[in-house]
Amino acid sequence: MEIVTKEFTIPTRGFNDVVDITAAVSDVLHLSGLSEGSALVFVPGATAGITTIEYEPGLLKDYPEFMEKIIPSNKTYHHDDTWGDGNGFSHVRAALQGASFTVPFKDGRLLLGTWQQIILIDFDNRSRNRRIIVQLTGN
Ligand code: ZN
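All of the points below concern the structure found in this document. Quick caveat, the model's predicted, so the values are computed rather than measured.

1. Quick look at the sheet that holds strand β7 (residues 117–122)
No. 1: As summarised here, the arrangement of the three strands in space is β2-β7-β4, forming an open sheet in which the pairing is antiparallel. Edge positions in the open sheet fall to β2 (17–20) and β4 (48–53), since each of these has one partner strand only. Looking at each pair of strands side by side, their axes are set apart by 30° on average, direction ignored.
No. 2: Strand direction decides the pairing type here: β4 and β7, joined by six bridges, are antiparallel. Paired with Ile50 across the bridge in β7 is Leu120.

2. Details of the coordination of the zinc ion
No. 1: Surrounding the zinc ion are the protein donor atoms His79 (NE2), Asp85 (OD), Asn87 (OD1) and His91 (NE2), at 2.0 to 2.4 Å.
No. 2: Each of the four donor atoms around the zinc ion contributes to a set of angles spanning 86 to 162°, which defines the coordination as irregular.
No. 3: According to the relative accessible area criterion, Asn87 is buried, its value standing at 5%.

3. Quick notes on the pattern of salt bridges
No. 1: By the definition in use, this model includes five salt bridges.
No. 2: Of the charged contacts, one joins Arg131 and Glu7 as a salt bridge, the two residues approaching to 2.9 Å between their closest N and O atoms. In this pair, Arg131 is assigned in strand β8 (residues 128–138) and Glu7 in strand β1 (residues 2–12), connecting sequence segments 124 residues apart.

4. Let's talk about helix α2 (residues 57–70)
No. 1: With 14 residues, α2 extends 21 Å from end C-alpha to end C-alpha; this agrees with the ideal 20 Å at 1.5 Å per step.
No. 2: Within α2, burial applies to Tyr63, Pro64 and Met67. Projected onto a plane normal to the axis of α2, the buried residues spread over an arc of 90° and lie on a single side. Turned more than 90 degrees away from the buried face of α2, the exposed residues are Pro57, Lys61, Glu65 and Lys69.
No. 3: Against the buried residues of α2 lie β4, α4 (88–97) and β7.
No. 4: Capping of α2 at its N-terminal end is provided by Glu56; its side-chain oxygen lies 2.8 Å from the backbone amide nitrogen of Gly58.

Rules of the game
Residues numbered from 1 in each chain as written. Predicted model: local features only at pLDDT ≥ 70, side-chain atom pairs only at ≥ 80, totals over all residues. Heavy atoms only, no water. Pairing = 2+ DSSP bridges. Helix = DSSP H or I, 4+ residues; strand = E, 2+ residues; numbered from the N terminus. Axes fitted to C-alpha atoms, helices over the stretch in contact; angles between N-to-C directions. Donors = N, O, S within 2.8 Å, 3.2 Å for Na, K, Ca; no water. Tetrahedral: all angles 85-135°; square planar, octahedral: opposite > 155°, others 65-115°. Buried < 20%, exposed > 50% of the residue type's maximum accessible area, 1.4 Å probe, protein only. Salt bridge = Lys/Arg side-chain N within 4 Å of Asp/Glu carboxyl O. Expected span 1.5 Å × (residues − 1). Arc of directions from axis to C-beta. Contact = heavy atoms within 4.5 Å. Polar contact = N/O pair within 3.5 Å; in protein donor to acceptor, adjacent residues only side chain to side chain.

None of this, on its own, says anything about what the molecule does.
Okay, structure coming up:
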């Protein structure tokens, strides 16, 4: 068994920016030469998350709207008193979302569903450059 750890950087606009990172994760897998195992995808940072979605225009609005509804950005959070950076909502959304996602691969291909993409969602209240860590474990 082998472990391969790589990273790449994705620029985001913040404010629920949803970025499809499926192709970049697939590239890491192809370059690794590994055939079967699992891929852990992780974003370091407390105001972004990783999950899967069907990357289509409707859901790209639905998901941020859902986050706005359950964790509103126009409310004051205790975190804002701590740092004054005004992104308490970003942290709470990221905590709920989770920072990592794992997908199995076989025959050198990620075993995602046909309409299932891996996305980075940046909840912060400003643009960022996000490091994405991909750790492959397998043969
Ligand atoms: Zn903060």
